[in-house]
Amino acid sequence: MTAAVSPSSPPLISVRGLVKSFKGMRALDGVDADIARGEVLVVIGPSGSGKSTFIRCLNGLEMPTDGRIEVDGAPVQTRSNRDWRRARQRIGMVFQDYSLFPHMTVLRNICLAPQRAGVATAAQAEETAIRLLRRVGLAHKADSYPVELSGGQQQRVAIVRALAMKPDAILFDEPTSALDPETVGEVLAVMRELAREGMTMVVVTHEMGFAREVADRVMFMDRGRIVETGTPAQVFGSPAEPRTREFLDMIL
Amino acid sequence: MTYDFQFGYIVDTMPALLDGLLITIEVSVISIAISVVIGIVGAAIRLFEIPVLSQVVGGYVHFIRSTPLLPQIYFVFYGFSGLGLQLSTFWSGVLALSLWGGAYNIENVRGGFLAVSKGLREAAGSLAFRPIHYLWLVALPLGVRISLPTMLNTAVSVLKNSAYLQAIGLAELTFVAMDRVALDFRILEMFAAIGVLYLGIVLILSLFVRRLEGVLQRPFRTS
Ligand SMILES: Nc1ncnc2c1ncn2[C@@H]1O[C@H](COP(=O)(O)OP(=O)(O)OP(=O)(O)O)[C@@H](O)[C@H]1O
Ligand SMILES: [Mg+2]
């Protein structure tokens, strides 16, 4: 099902038989996936198909009902908070609604986690934060509060906040869905840049242009299952499954 | 027949009343402080659903809120000494009021915690925050801001309910006033005096909380 990845190195994230039930309803119904280092995997599918549930399981925001998750070859005890905390230092997440801490400045939003986790000293964290902010064009906003920023700016800060932990991978759950159309581009530009630098990314999005251009692989989900996975050319150009074709016809 | 209101009587009794007021303030301030700590700790236990402790806290809150304060005061005063724990009248009063206010503050603070968006808790989780860091750095500063008005209500109630402590013989403001009434029958003068004094400290308490609110709001102001 999954496309072949470099056989020499183990996948960064590996998922087998992932099941997540909500009160008997299977939001995920046996999902297998491997995400290679440096890969950009874009997840698409209709509303309620389990995309969010899938990536939320990858960093323990949802406790899987069944299945195995390995990060860098090491199994994660999905019921152990300590295991997840360790995994989360390596797997960042960017949310649809940015979820910046509203009572902290941009700089503090970014520096807090690396300091707490012992990833960096205060001085290092600040230096990293400023450097990253400069890269996304927001160095002048370091001392602002989130409420003073536009949605696109907040989301770029949220990406920087995830990056400051020096993660091996970042998960994005519809990062541009809450944005005004005119600011979607600035966030996608940052993500494109990240992809180019080799960041491992799992992106749930409805931005098919982005998927086509940036994804190494596109995964189409429906009703808690992976219907098909392939390169953007395969999935968008000649989908193997009628269900994929149907979905793409509907949204394109 | 008209009542002969004597301001002079109030002036004469003022030193004794101020002594009572001082006790009222002491017992209230200490109880309010402890009840805030109980509120935060209890609400945190409930927030993280710590097994067993969470149920204990729930039971405690339920018990305090569904029984009258006066028996609670008697219980602490007589009950604890019965258990061999000798507490002075003052500290019995502090303990009873703290436990009472603490139960209400647990609910107040919990309300604030629940009003902090689930998304922020997930964001903190995804940044590998420990629960204690989430509590201290996110839930408290944001949640307490939300629950401050209800916590002020509880604080004012603690202050007013300190008058019940006359039942165990604490010489707080109401006790002193009632004592004078029993001696001299100057009822209206005494009620006027303690009315003004209670009003005054409630006002000061409210102003203090207003300022605190201002401090906690600052980061959210644009400009
Ligand atoms: N916390 C929850 N409690 C109960 N049901 C849930 C919960 N989270 C998700 N679900 C259900 O699980 C299914 C999958 O939801 P999920 O959010 O993963 O879909 P999605 O593909 O991300 O959809 P969307 O495009 O609308 O974001 C849906 O039927 C949803 O209602
Ligand atoms: Mg979703």
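As annotated in an unreviewed UniProt entry, chain B carries the name Amino acid ABC transporter permease and is attributed to Skermanella aerolata. Among the UniProt annotations of chain B, the heading Function (unreviewed entry) holds the following wording: "Part of the binding-protein-dependent transport system for glutamine; probably responsible for the translocation of the substrate across the membrane." Under the UniProt heading Sequence similarities (unreviewed entry), the entry covering chain B gives this text: "Belongs to the binding-protein-dependent transport system permease family. HisMQ subfamily."

The name given to chain A in an unreviewed UniProt entry is Glutamate ABC transporter ATP-binding protein, with Skermanella aerolata as the source organism. In its Subcellular location (unreviewed entry) section, the UniProt record describing chain A reads: "Cell membrane". The heading Sequence similarities (unreviewed entry) in the UniProt record of chain A holds the text "Belongs to the ABC transporter superfamily."

Turning next to the UniProt feature "domain: ABC transmembrane type-1" (unreviewed entry) in chain B. The sites that carry the UniProt feature "domain: ABC transmembrane type-1" (unreviewed entry) are, in the present numbering, residues 21-209 of chain B. As annotated, residues 21-209 of chain B comprises 83% helix and 0% strand, and the C-alpha atoms at either end are separated by 20 Å.

For the rest of this paragraph, the subject is helix α1 (residues 51-58) of chain A. Residue and element names in this part refer to chain A. Counting buried positions over the eight residues of α1 gives seven, a clear majority of the element. Those residues of α1 that fall on the buried side of the exposure criterion are Lys51, Thr53, Phe54, Ile55, Arg56, Cys57 and Leu58. Following α1 by one or two positions, Gly60 has its phi on the positive side, about 80°.

Further remarks concern the sheet that holds strand β7 (residues 169-173) of chain A. Residue and element names in this part refer to chain A. Taken in spatial order, the six strands line up as β6-β7-β8-β3-β9-β10 in an open sheet, and their pairing is mixed. The open sheet terminates on both sides in strands that have one partner only, identified here as β6 (91-94) and β10 (225-230). Strand-to-strand, the axes of this sheet are offset by a mean angle of 20°, without reference to chain direction. In terms of strand pairing, strand β3 (residues 40-44) meets strand β9 (residues 217-222) through four bridges, oriented parallel.

What follows concerns the interface of chain A and chain B. Taken together, the 24 residues of chain A in the interface contact 22 residues of chain B. Interface area, chain A with chain B, both sides summed: about 2000 Å², of which 68% is carbon and sulfur. By the criterion of area lost to chain B, the three top residues of chain A are Arg85, Phe101 and His103 of chain A, representing 30% of everything that side buries. Linking chain A with chain B are one salt bridge. Between Arg56 of chain A and Glu122 of chain B there is a salt bridge; the shortest N-O distance is 2.7 Å. The interface formed by chain A and chain B includes three residue pairs in polar contact (both at pLDDT 80 or more).

Calculation notes
- Here the residue index of a chain counts from 1 through its sequence in written order.
- Labels follow written order: the first chain is A, the first ligand is 1, and so on.
- Residue-level local features of this predicted model are given only where pLDDT is at least 70; pairs of side-chain atoms are given and counted only at 80 or more, and the full residue set underlies all totals for whole chains, interfaces and linings.
- Side-chain figures throughout are based on the complete set of non-hydrogen atoms in the structure, without hydrogens or water.
- UniProt positions are given in the numbering used here, feature names are shortened, and annotations may be inferred rather than shown by experiment.
- Numbering of helices and strands runs from the N terminus, with a helix taken as a DSSP run of H or I at least four residues long and a strand as a DSSP run of E at least two residues long.
- Relative accessibility under 20% of the residue-type maximum defines a buried residue, over 50% an exposed one, and the middle range a partly exposed one, all with a 1.4 Å probe and only protein chains included.
- Should DSSP find at least two bridges between two strands, the strands are taken to pair.
- Axes, fitted as lines to C-alpha atoms, cover a helix only where it is in contact. Angles between the N-to-C directions of the axes lie from 0 to 180 degrees.
- Note on contacts: a residue pair qualifies if any of its non-hydrogen atoms lie within 4.5 Å across the two residues.
- Once two parts are brought into contact, the accessible area they lose, counted with a 1.4 Å probe and summed over both, makes up the buried area.
- Criterion for a salt bridge: a side-chain nitrogen of Lys or Arg within 4 Å of a carboxyl oxygen of Asp or Glu.
- As used in this structure description, the phrase polar contact means that two N or O atoms lie within 3.5 Å; if the pair is within protein, one of them must be able to donate a hydrogen and the other to accept it, and residues adjacent in sequence are counted only when both atoms belong to side chains.

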